[in-house]
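Listed below, chain by chain, are the residues.
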Amino acid sequence: MLTAMLAAFIGGIILNLMPCVFPIISLKALGLLRHQGSPASARREGLGFLLGVIVTMMALAGVLLAVRAGGAAVGWGFQLQSPLVVAILALVILGAALNLLGVFEVGLSAQRVGAISAGGGVFMRSAMTGALAIIVATPCSAPFMASAVGYALVQPPAVALAIFAALALGFAAPFTLVSLFPLLAKILPRPGAWMDVLKRGLAFPMFGAYAWLVWVLAQQAGTAALATLLACSVLLGFAAWLYGMAQHRRLAGKAHKVLFAVTAVLALVIIVPLPSMMKVGTSLPDSQLTENVTPVKWSPQNVDDNRGHGKAIFVNFTASWCITCQVNERTSLSTVAVKDALAKTGTLYMVADSTKFNPDVDDALNQFGQGGLPLYVVYPADGSAPKVLPQVLTPGIVVNALHQAVGKKT
């Protein structure tokens, strides 16, 4: 248990460096810079972020354990298997990007609309940033983390929650420590007018995260859901603009209540159609492999039918929302070296798609002690014990594993 907690803590620290968390790191960095010269505000920022991370992590872990106790086999990142959650998260991140661009402001008094706040509301804004960071972080699985989460999911609830708490503490540790200890904050540049430019520039990583989530939704639920989300996005942009105008009119002492009312109506128009878009289709992810290596849809029965019959089997457990999976696909699995190795060794290539909830995939993750995606498993041609490859692949790792699986020297 202590080993798993340490691995979770280290994995949480490393998780800050994973690509899915980058947009939120932008917000964290801006929060630190905003409170340079104000230790009390910096502490509120750090403690708020810590609270948001821990509460959200515990809530997600609690739901995850409850769902598993009910008989469903789900793992880390399970909420992104729901198109409704993906759609809502995309709209939240789009709203955050518009906020950073100054279209509207959150948590500012009428006298300070358009300024960068260092006062009231710091704690709650930072807590919400921590909550969003955890939700966005779930598509990534850092080194040390997958094994710790996999271990946690087969333990009693108290042990599992302790491991998830360690993961949350590791994730929040860098930002919180810099916030609490002014000496560490001295390495950061001094605040100034340039921060307003930076704030707007940081909107674009958020737009990138929004674009990724839109793509994930299209993979999960098809073009009709995509059209609905894009229409809701346009309405959200219009509502944000109206809300910003209302804020400025209030600042100038002009009538603003009608604009606020219209904004509220538009918010309802955005929310109401979202559940109806959740009509999910299934498909294998696009493959970059050659015609000589045709991906086969994975199932436990397919593995059992083909295992130990003179052919190696390579199983790619993946999902559209798993960023690490997509990076591995581009940098390793679609390379000429891996394509050739698959063809020359006669390996059967299977794709286990978990873009939408697939209980068989989550059962397999549990079987191999993994708490989340990606997972790569090679079954040797002679039917001996399968080998689990690292979560971050290189072409050499895959090629060597395939040659070993068929008894060839590399």
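Residues numbered from 1 in each chain as written. Predicted model: local features only at pLDDT ≥ 70, side-chain atom pairs only at ≥ 80, totals over all residues. Heavy atoms only, no water.

Per an unreviewed UniProt entry, the chain goes by Thioredoxin family protein and derives from Winslowiella arboricola. Annotation of the chain in UniProt includes, under Subcellular location (unreviewed entry), the sentence "Cell membrane". (UniProt positions renumbered as here; feature names shortened; annotations may be inferred.)

S.K.: Any chance you could break down unusual backbone geometry for me, citing the residues and the numbers?
M.R.: Omega for the bond connecting Leu373 with Pro374 falls within 30 degrees of zero, at 0 degrees, which places this linkage in the cis form. Along the chain, Pro374 turns up in the loop between helix H15 (359–367) and strand E4 (375–379). (Helix = DSSP H or I, 4+ residues; strand = E, 2+ residues; numbered from the N terminus.)

S.K.: Mind laying out the pairing of E4, listing which residues take part and the relevant values?
M.R.: Where a strand is regular, its side chains alternate between the two sheet faces. Burial of E4 is extensive: five of the five residues sit out of reach of the surface. Residues Leu375, Val377 and Tyr379 line one face of E4 and the alternating positions Tyr376 and Val378 line the opposite face, and both faces are buried. Note that strand E2 (residues 313–318) and E4 share five bridges and pair antiparallel. Residue pairing in the sheet places Phe314 in a bridge with Val378 of E4. Across two bridges, E4 lies against strand E5 (residues 387–388) in antiparallel orientation. The residue of E5 that forms the bridge with Val378 is Lys387. (Buried < 20%, exposed > 50% of the residue type's maximum accessible area, 1.4 Å probe, protein only. Pairing = 2+ DSSP bridges.)

S.K.: Which residues make up the UniProt feature "transmembrane region" (unreviewed entry) in the chain, and what values go with them?
M.R.: When the UniProt feature table is mapped to this numbering, "transmembrane region" (unreviewed entry) covers residues 6–27, 47–78, 84–108, 129–153, 159–185, 197–218, 224–246 and 258–278. Within residues 197–218, the helical portion is 95% and the strand portion 0%, while the C-alpha atoms at the span's ends are 33 Å from each other.

S.K.: Explain helix H4 (residues 83–100) to me, using residue names and the numbers behind them.
M.R.: Compared with an ideal rise of 1.5 Å per residue, which puts 18 residues at 26 Å, H4 spans 26 Å between its outermost C-alpha atoms and is within 8% of the ideal. Counting buried positions over the 18 residues of H4 gives 14, a clear majority of the element. Gly102 lies just past H4 and shows a positive phi near 90 degrees. (Expected span 1.5 Å × (residues − 1).)

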